[in-house]
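Residues per chain, in single letters:
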Amino acid sequence: MTKEEVKRLPTLQEVVDQILTEEAQIVKLDSPPIAIIEPSPSAIHKPFAEYFNDYDDKKFIAVRLSSRDPQRPEKFAFKPNLKNRAFLFRGQSGFYDPSTPSLLRKKKGRFVVENIFYEEFVLALKDHPLIRLFWDGIELYGHRYFFEVTYYGLAQHYGFKTRVMDLTSDLDVAKFFAVTDYNEKTDTYSPVIDESRYGVFYYWDNVRLPLAFQPIFGGNLSSIGLQVFPRSGRQKGLLFSMYREQNFNDIPFVRYKLFRHDAAISKQIYKMARRGKLYFPEDELSSLAQRIRCSKILSGKAFSKNLESNPKDDKNANYNDCKASGIDIDFFKEHITFNDIEKDMFRKKIKKGFWMEFCNQIVFPNDKEGVIMNEFINLPNNPAYKKYFQW
């Protein structure tokens, strides 16, 4: 695109205003289903509550998931409130065609090494007490509930290469990514002030359709939602998984508008996001993830877990792929996990009221009397659950 063509493009704010006008009309015309039949009503879940509710936009709604695990039949996720959303958003400071997730930019070869890094990350996550709490289940008002931990989504949000594209229900989040450049070496963002450049603002337009979260066109839209680590909640994260040779620009529900960069707008958004710290707060997981990403030695357990997930792989070929990438596999080494400094970060945030802050972001739609939420809030004082808040 020539400089003259870039000058004729609208600014980011003009693009966002156009999209919001269109979105408002769709939301206005939408209405909840007249009749909803639930085979097994839940004390927590209320069908379509994430779309039709009177809660604050910033809340996360407990939504029941379909579960194939008979040991964990009541499984829930904390999804962003979509009551005023007909679109999901993604901002990029530059337009790329094709547009692909970080993992799929590797055009040839296998993803063995990247997958083993992911397995190393998951092994560490499972050592965290609050992850164990959600996995073990929580007894609330006489019923046991399980809460989703989106391992792959957390890997995406904490810097690992994945096959998913980030989306968000929060306009401010998308605007931040639209006007900033990421420096992988310093792990920092900076505002785009070069007004000869242009970016792209995506909007995914089927989020209110009944099959929005069903596998489509070789990909799958899912919600990472609120997790016990802050990034996904701060970013109101949703994910679209993709495959090799797919182009995000060509996905049927993906629409986009190009915009010209404006230094004043970029600086303002960057400042409001506290230079990115609003969406990337430091926590025990960001520290751990960085140590794993920088490691040149991975555990034999992570190597074996990847083989379990890919039973057709050849062990020797996988090992050779690691060696060729400069990664050693130590079969006598324990997997990387949280160190004493990171555990201390967790203990400090618990003392500062993290759990109450976490609970205050959540709504259990069918809990009209608040009895379930009250038990949920008081888990740290419940003798059966105290161990999950200590480390």
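Refer to the structure presented above.
Remember, predicted model here, so these are calculated numbers, not experimental data. (Residues numbered from 1 in each chain as written. Predicted model: local features only at pLDDT ≥ 70, side-chain atom pairs only at ≥ 80, totals over all residues. Heavy atoms only, no water.)

A. Expanded view of the overall build of the protein. The secondary structure content of the protein amounts to 14 helices and 15 strands. For 391 residues, the compact-globule estimate of 2.2 N^0.38 gives 21 Å, and the protein sits close to it at 22 Å. Dimensions along the principal axes, computed over C-alpha positions, put the protein at roughly 65 × 60 × 40 Å. Across the 391 residues in the protein, those meeting the buried criterion constitute 48%. Taking the intrachain contacts of the protein between residues at least 6 apart in sequence as the baseline, contacts between residues at least 24 apart amount to 77%. (Helix = DSSP H or I, 4+ residues; strand = E, 2+ residues; numbered from the N terminus. Rg over C-alpha atoms; globule rule 2.2 N^0.38 Å. Buried < 20%, exposed > 50% of the residue type's maximum accessible area, 1.4 Å probe, protein only. Contact = heavy atoms within 4.5 Å.)

B. Representation of the side chain of Asn-53. Relative to the helices and strands, Asn-53 resides in the loop between α2 (12-29) and β1 (60-65). Only 2.9 Å separates the side chain of Asn-53 from the backbone nitrogen of Tyr-55, close enough to count as a polar contact. Polar side-chain contacts of Asn-53 include one of 2.9 Å to the side chain of Asn-81. Residues within four places of Asn-53 in sequence aside, it is in contact with Ile-61, Asn-81 and Lys-83. (Polar contact = N/O pair within 3.5 Å; in protein donor to acceptor, adjacent residues only side chain to side chain.)

C. Structural view of the packing of helix α9 (residues 284-294) against helix α12 (residues 340-351). Two elements in contact, α9 and α12, have axes separated by 8 Å at closest approach and are oriented at 165°. In terms of axis orientation, α9 runs roughly antiparallel to α12. Relative to α12, the crossing made by α9 is left-handed. Across the interface between the two elements, Glu-284, Ser-287, Leu-288 and Arg-291 of α9 pack against Glu-342, Met-345, Phe-346 and Lys-349 of α12. Residue composition of the contact of α9 with α12, grouped by class: three nonpolar, one polar and four charged. (Axes fitted to C-alpha atoms, helices over the stretch in contact; angles between N-to-C directions. Parallel < 35°, antiparallel > 145°, perpendicular 65-115°, else oblique. Left-handed = near helix turned anticlockwise from the far one by under 90°. Nonpolar A, V, L, I, M, F, W, Y, C, P; charged D, E, K, R; others polar.)

D. Inspection of the pattern of salt bridges at higher detail. According to the stated counting rule, one finds 18 salt bridges in the structure shown. It is possible to trace a salt-bridge network through shared partners that takes in Glu-22, Asp-205 and Arg-255. (Salt bridge = Lys/Arg side-chain N within 4 Å of Asp/Glu carboxyl O.)

E. Empty space enclosed by the protein, seen in detail. This structure, assessed with the given rule, holds two cavities of 30 Å³ or more. Of the pockets and cavities examined, the largest cavity occupies roughly 50 Å³. Every residue along the wall of the largest cavity is listed here: Leu-103, Glu-114, Asn-115, Tyr-118, Tyr-152, Ala-155, Phe-160, Lys-161 and Thr-162. Those elements giving two or more residues to the lining of the largest cavity turn out to be α3 (112-125) and α5 (151-157). With three residues, the top contributor of residues to the lining of the largest cavity is α3. Counted by class, the lining of the largest cavity contains five nonpolar, two polar and two charged residues. Taken as a whole, the second largest cavity encloses approximately 30 Å³ of empty space. Lining of the second largest cavity is provided by Leu-12, Val-179, Phe-259, Arg-260, His-261, Asp-262, Ile-265 and Ser-266. Put simply, the parts of the chain that give the lining of the second largest cavity at least two residues each are β12 (254-260) and α8 (263-272). (1 Å grid on protein atoms, 1.4 Å probe; cavity = no way out; pocket = protein on both sides within 12 Å on 5 of 7 lines; lining within 4 Å. Points joined across faces, edges and corners; volume = space filled by probe spheres on them.)

F. Representation of the sheet that holds strand β4 (residues 138-140). The sheet built from five strands is open, its strands ordered β4-β5-β2-β1-β15 with mixed pairing. One side of each edge strand has no neighbouring strand; the edge strands of this open sheet are β4 and β15 (362-363). (Pairing = 2+ DSSP bridges.)

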